[in-house]
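# Examining the three-dimensional arrangement
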Amino acid sequence: MNRKAKGSRNERRSRDLLKAEGFEVLKAGGSLGTFDLVGISAEEVLLVQVKSNQWPPLKEIETIRGFNCPTNCRKVIHRWNDRISAPEVREINHE
């Protein structure tokens, strides 16, 4: 499977998990921005970067960390490893 197809599949898997948790989920157009998915619930907003097999490089983590968002918003990374049925989730806190 090529990298783009794997990334799209893992974004769909993350979307499905968020929907199962009660979020409405929007996909960022083209996924070329800081986040791939935006999950919205009655209590919070979740900004999600989806990765396959590796955590993002430090520069990308710093970009995520520096992204301004409201206090009811959380920034997370979902890392999907091959042949594992759930992502590793890492929350990125504000500085």
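Here the structure is shown first, and the text comes after it.
Here goes a summary of the coordinates provided. (Residues numbered from 1 in each chain as written. Predicted model: local features only at pLDDT ≥ 70, side-chain atom pairs only at ≥ 80, totals over all residues. Heavy atoms only, no water.)

### Here we look at the environment of K75
By the element assignment, K75 lies in strand β4 (residues 73–80). For the pair K75 and Q49, spaced 26 residues apart in sequence, the C-alpha to C-alpha distance is 8.1 Å. Apart from the residues within four sequence positions on either side, K75 is in contact with F35, L47, I64, R65, G66, F67, C69, R90, E91, I92 and H94. One polar contact links the side chain of K75 to the main-chain carbonyl oxygen of R65, over a distance of 2.9 Å. A polar contact is formed between the side chain of K75 and the backbone oxygen of F67, at a distance of 3.0 Å. (Helix = DSSP H or I, 4+ residues; strand = E, 2+ residues; numbered from the N terminus. Contact = heavy atoms within 4.5 Å. Polar contact = N/O pair within 3.5 Å; in protein donor to acceptor, adjacent residues only side chain to side chain.)

### Observations concerning the pattern of salt bridges
The final tally for this structure, using the stated rule, is eight salt bridges. With its nearest N and O atoms 3.1 Å apart, the salt bridge here joins D82 to K6. In this pair, D82 sits in the loop between β4 and β5 (88–92) while K6 sits in helix α1 (residues 3–20), placing the two residues 76 residues apart along the sequence. Classification of K6 by relative accessible area gives buried; the value is 19%. Between R74 and E91 there is a salt bridge; the shortest N-O distance is 3.2 Å. Here R74, found in strand β4, pairs with E91, found in strand β5; they are 17 residues apart in sequence, far enough to count as distant. On the basis of relative accessibility, which here comes to 38%, the residue E91 falls in the partly exposed class. The network of salt bridges with shared partners includes E44, R74 and E91. (Salt bridge = Lys/Arg side-chain N within 4 Å of Asp/Glu carboxyl O. Buried < 20%, exposed > 50% of the residue type's maximum accessible area, 1.4 Å probe, protein only.)

### Observations regarding the pairing of strand β3 (residues 45–52)
As a general feature of sheets, a regular strand has side chains that alternate between the two faces. Buried residues dominate β3, accounting for six of its eight residues. Pairing between strand β2 (residues 37–40) and β3: four bridges, direction antiparallel. Across the sheet, G39 pairs through a bridge with L46, a residue of β3. Between β2 and β3, which pair antiparallel and follow one another directly, the connecting turn spans four residues. The sheet contact formed by β3 and β4 spans eight bridges and is parallel. Looking across to β4, one finds that V45 is bridged to C73. The parallel pair β3 and β4, bridged by helix α2 (residues 58–66), forms a crossover whose chirality is right-handed. (Pairing = 2+ DSSP bridges. Right-handed = clockwise from strand over helix to strand, strands pointing away.)

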